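Survey of secondary and tertiary structure
The lines below spell out each chain.
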Amino acid sequence: MTKSEELFQRAVKRIPGGVNSPVRAYGSVTEPPRFIQGAVGCKIFDVDGNAYIDYIDSWGPMILGHNNEQIKDAVIRASENGLSFGCATEVEVEMAEFICDKIPHIDMIRMVNSGTEAVMSALRVARGYTGKNKIIKFAGCYHGHTDAMLVSAGSGVMTSGVPDSAGVPKGCTQDTMIAVYNNLESVEKLFVESDNQVAAVIVEPVGANMGVVPPAEGFLQGLRDLCDKYHALLIFDEVITGFRLSFCGAAGFYGITPDLVTYGKIIGAGMPVGAYGGRKEIMEMVAPAGPVYQAGTLSGNPIAMAAGLTQLKILWEDQDIYQRLYRKGELLYDGIRKIFLEKGVNYQVNSVSSLGCVFFTEHEVVDYASAKASDTKEFSKYFQYMLNHGIHIAPSQFEAMFLSDAHTEAEIEETLDCINKYF
């Protein structure tokens, strides 16, 4: 028995399912999870001494690679002053100023502790600002585990085969309306049916929790236009895409201006950080400036702020990283497409810059329904092969692959060689 197997046997006795987040579970790929001891660059190392080329990147935050020296030093220096004060600190101000000065569509920002918390808060602000109650979301888009958003959610919910969640009262979701991703007609239909009661449309600008599903041409602009037409707010959930596709996230990448944006992952450089921000008149609704209450004892934690701000400064000062990530994405994902073409494999590869996903289906994947048509049993075989040959990808058909600046051409070629041998 490996040490990972031994740890998992211990874990299931004290932790539900043996993991502290469903995305870490290997149940859908019939493997015990690997327990990780350390990581550096684009490699992670498990407790049994195995090394893997990592395409999870802690689910996105490690855009610079694991254990970046500058970020680690910043955390060590900050921790020497104490771990938490429950009071205002200078680094919180620096973080807010840095983001608002650099991102045109953010005038004010509020730090929280997770992407889930950021989304929950942004939705409350949207309702408070507009005086309306209904929210439009998209089937397959995941916006955290707040009750109102656990309707046709993606990611770990899809993997477990549970479309919603037990324990969520019907009343919590009665104002959540479900549209079809990449289908503007379905959105406008809901606007009309709502009798002018839609406070906001929330969307992953790149669907990254049903695999990777890029927005169709004109889709995001169409959402902007519909929100303007029906006097609703447009919320970009950039927990995954924020600071990854460009420094200004998907909003900058696609040239669309949302009213509110939510962040997580990269903004904390691996520490538990989330944030939501937007136009001044909207954000001034938030307590104590306004009547929309939201609070968090550990929000703006000085250690987390030190880590996140250091990473954001590196990304701002070296924005060539986004060109490098784009080229690496082309090398990896176009390389997989080439293998499929040469081998006569009719599976799908969706990608946007450093984000990508291989779908085990013959049909183009453009939304939740087409993603669900994937052969998860075949994915399980593929996952096991890759893992046993030193390639660490998400244990779910419906998760993204993440490239970092630490991935080199050599590691990408090694990955492609492994994929080529599998097929």
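Sequence order sets the numbering: in each chain, residues are counted from 1 along the sequence as written. Confidence filtering applies because this is a predicted model: local features only for residues at pLDDT of at least 70, side-chain atom pairs given and counted only at 80 or more, and all residues used for totals across whole chains, interfaces and linings. In computing side-chain values, all of the structure's heavy atoms are included and hydrogens and water are not.

1. A few points about the environment of Tyr322
- Relative to the helices and strands, Tyr322 is located in helix H12 (residues 320–343).
- Between the C-alpha atom of Tyr322 and that of Pro302, which follows or precedes it by 20 residues, the distance is 27 Å.
- Contact between two residues is taken to exist if any of their heavy atoms lie within 4.5 Å; hydrogens are not considered. If sequence neighbours within four positions are ignored, Tyr322 has contacts with Ile63, Phe243, Arg244, Leu245, Ser246, Phe247 and Leu315. Per the convention used, a helix needs a DSSP run of H or I reaching at least four residues, while a strand needs a run of E reaching at least two, with both numbered from the N terminus.

2. Brief notes about the side chain of His66
- With respect to the helices, strands and loops of the structure, His66 is situated in the loop between strand S3 (51–54) and helix H2 (69–79).
- A distance of 2.7 Å separates polar atoms of two side chains, one belonging to His66 and the other to Asp54.
- Apart from the residues lying within four places of it in its own chain, the contact partners of His66 are Ala39, Val40, Gly41, Lys43, Ile44, Asp54, Asp57 and Ser58. Here a polar contact means two N or O atoms within 3.5 Å. Within protein one must be a hydrogen donor candidate and the other an acceptor candidate, and residues neighboring in sequence count only if both atoms are side-chain atoms.

3. Let's talk about a negative patch on the surface
- Think of a patch as exposed residues, more than 30% relative accessible area, with no salt bridge, where like charges cluster within 9 Å and nonpolar side chains (Val, Leu, Ile, Met, Phe, Trp, Tyr) cluster within 5 Å. To be clear on the numbers: accessible area is Shrake-Rupley with a 1.4 Å probe, and residue cover counts the displayed protein chains and nothing else. The working definition used for a salt bridge is a side-chain nitrogen of Lys or Arg within 4 Å of a carboxyl oxygen of Asp or Glu. The positive count covers Lys and Arg only, the negative count covers Asp and Glu only, and His and the chain ends enter neither. To locate a charge, the coordinates of NZ of Lys, CZ of Arg, CG of Asp or CD of Glu are taken. A contiguous patch of negative charge on the surface is contributed by Glu90, Glu94, Glu97 and Asp101.
- Among the structural elements, Glu90 can be located in helix H3 (residues 90–102).

4. Some points on helix H7 (residues 184–193)
- The buried label applies to any residue whose accessible area, calculated with a 1.4 Å probe on protein chains only, is under 20% of its type's maximum; exposed applies above 50%, and partly exposed to all values in between. Burial in H7 covers these residues: Ser186, Val187, Leu190 and Phe191. In an axial view of H7, the angular spread of the buried residues amounts to 140 degrees, which keeps them on one side of the axis. Exposed and oriented more than 90 degrees from the buried face of H7 are Glu185, Lys189 and Val192.
- Those residues of H7 that are buried are in contact with strand S5 (134–138), strand S6 (176–179), strand S7 (198–203) and helix H8 (219–229).
- If you check the start of H7, you find a side-chain oxygen 3.1 Å away from the backbone N of Glu185, and it comes from Asn183.
- Following H7 by one or two positions, Asp195 adopts a phi angle in the positive range, close to 60 degrees. Working definition: the arc comes from the directions between the helix axis and the C-beta atoms, pointing outward to the latter.

Read these as spatial facts, not as claims about activity.
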